Amino acid sequence: MALMESWYPAETAQSWDRVGLIVGDPGAPAKSILLALDPTAMVAAQAVAGPDGGGDCFDMVITHHPLLLRGASFLPVSDPKGAVVTTLIRSGIALFNAHTNADVACDGVATALADLIGLREATPLEPSGIDADGHDIGLGRVGNVDETTLGALADHVAAVLPAGPTGLLVGGDEAMRVRRVAVLGGAGDSALEAAREAGADVYLTADLRHHPASEHLEGGSPALLCGSHWATESPWLPVLARRLRAAAANAGVEVCVEVSTIVTEPWTSHRVTQGELA
């Protein structure tokens, strides 16, 4: 918890957010940690199964998304979130999350996505301050790639994003030349104008709604690449795993850290629609 707070301070989270220890005893040992994007029932079951499914529970689960973003008056086991809480508590597994504080961090979610697609000279798309080490922090990143086309960049992004059922949507002329790229993992409607003001040729994000995306493209650049929420944020998990393993090694302690490969998309498959309008 102290490491996570030092890397992703709770004070940098959005005011509406809920970050930190959700269930668990801060004094309990944490010799095994499971990392996942979402605290779903399947992730809780994986935590109970333990490292490599051996049957010894993980001591701790760290997720990006919170379990209870809004208040809850009742958490019976018949409720999906109540079932997760019950499963974890009965098995002595702690649950901790870092959400928008991890989004804005220097080595957080946005940086992981920028690094994945190869952005250079990346800076925050929506700056929000300076961290304790003097690094600029903020939502999203904007930087440069070798000059290419929108179509070629889309092919590259599709090749490096984690595989999921929904793939990648492209909005714009695929023959257009691009060099400056903005990224924001997760829902990115709110930063469409920031991407334009930053001079981006392309904006990669997720969860773009019909009307904001259509109206934006009518107004000109940047072109849009829309992945899934899970695919654009989960590249942070291996980064976090490496940081935790390195910190444990530097401290001379042995900690097992695994990244869950469960795809926690709400969708399970994709079909190309082929009907005709009458």
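Up top you'll find the structure we're talking about.
Below: a short report on this structure. (Residues numbered from 1 in each chain as written. Predicted model: local features only at pLDDT ≥ 70, side-chain atom pairs only at ≥ 80, totals over all residues. Heavy atoms only, no water.)

### Let's talk about the pattern of salt bridges
Under the counting rule described, the total for this entry stands at 5 salt bridges. Glu-193 is the salt-bridge partner of Arg-196, the closest N and O atoms lying 3.8 Å from each other. Of this pair, Arg-196 and Glu-193 both sit in helix 7 (residues 192-197), separated by 3 residues, roughly a single helical turn. A residue is classified by how much of its surface remains accessible, and Arg-196, at 27% relative accessible area, is partly exposed. (Salt bridge = Lys/Arg side-chain N within 4 Å of Asp/Glu carboxyl O. Helix = DSSP H or I, 4+ residues; strand = E, 2+ residues; numbered from the N terminus. Buried < 20%, exposed > 50% of the residue type's maximum accessible area, 1.4 Å probe, protein only.)

### Topic: helix 3 (residues 80-90)
For helix 3, the set of buried residues is Gly-82, Val-84, Val-85, Thr-86 and Leu-88. Check the buried side of helix 3 and you find it contacts strand 1 (20-23), helix 2 (41-49) and strand 4 (94-97). One side-chain oxygen at the N-terminal end of helix 3 lies 2.9 Å from the backbone nitrogen of Lys-81; it belongs to Asp-79. Residue Gly-92 follows helix 3 closely and has a positive phi angle near 70 degrees. (Contact = heavy atoms within 4.5 Å. Polar contact = N/O pair within 3.5 Å; in protein donor to acceptor, adjacent residues only side chain to side chain.)

### Some thoughts on the environment of Leu-237
Along the polypeptide, Leu-237 turns up in helix 10 (residues 236-251). Counting along the chain gives 201 residues from Leu-237 to Ala-36, while the straight-line C-alpha distance between them is 6.9 Å. The contact partners of Leu-237, leaving out residues within four places of it in the chain, are Leu-35, Ala-36, Leu-37 and Val-259.

### Observations concerning the sheet that holds strand 10 (residues 223-227)
Ordered in space as 5-6-8-9-10-7, the 6 strands form an open sheet in which the pairing is mixed. A single partner strand is all that each edge strand has here, and the edge strands are strand 5 (120-130) and strand 7 (169-171). Direction aside, neighbouring strands of the sheet carry axes that sit 20 degrees apart on average. In terms of strand pairing, strand 8 (residues 177-187) meets strand 9 (residues 202-206) through 4 bridges, oriented parallel. (Pairing = 2+ DSSP bridges. Axes fitted to C-alpha atoms, helices over the stretch in contact; angles between N-to-C directions.)

### Some remarks on the nonpolar core
Counting residues in hydrophobic clusters, the biggest one holds 21 residues, and the most contacted among them are Met-4, Tyr-8, Leu-35, Ile-62, Trp-236 and Leu-240. Every element with two or more residues in this core is listed here: helix 1 (2-7), strand 2 (32-36), strand 3 (60-63), strand 4, helix 5 (109-117) and helix 10. By residue number, the principal contributor to this core is helix 10, which donates 6 residues. Look past the residues within four positions of Met-4 in its chain and what remains in contact with it is Pro-9, Ile-62, Phe-96, Ala-98 and Leu-240. (Core = buried A, V, L, I, M, F, W, Y, C linked by side-chain atoms within 4.5 Å.)

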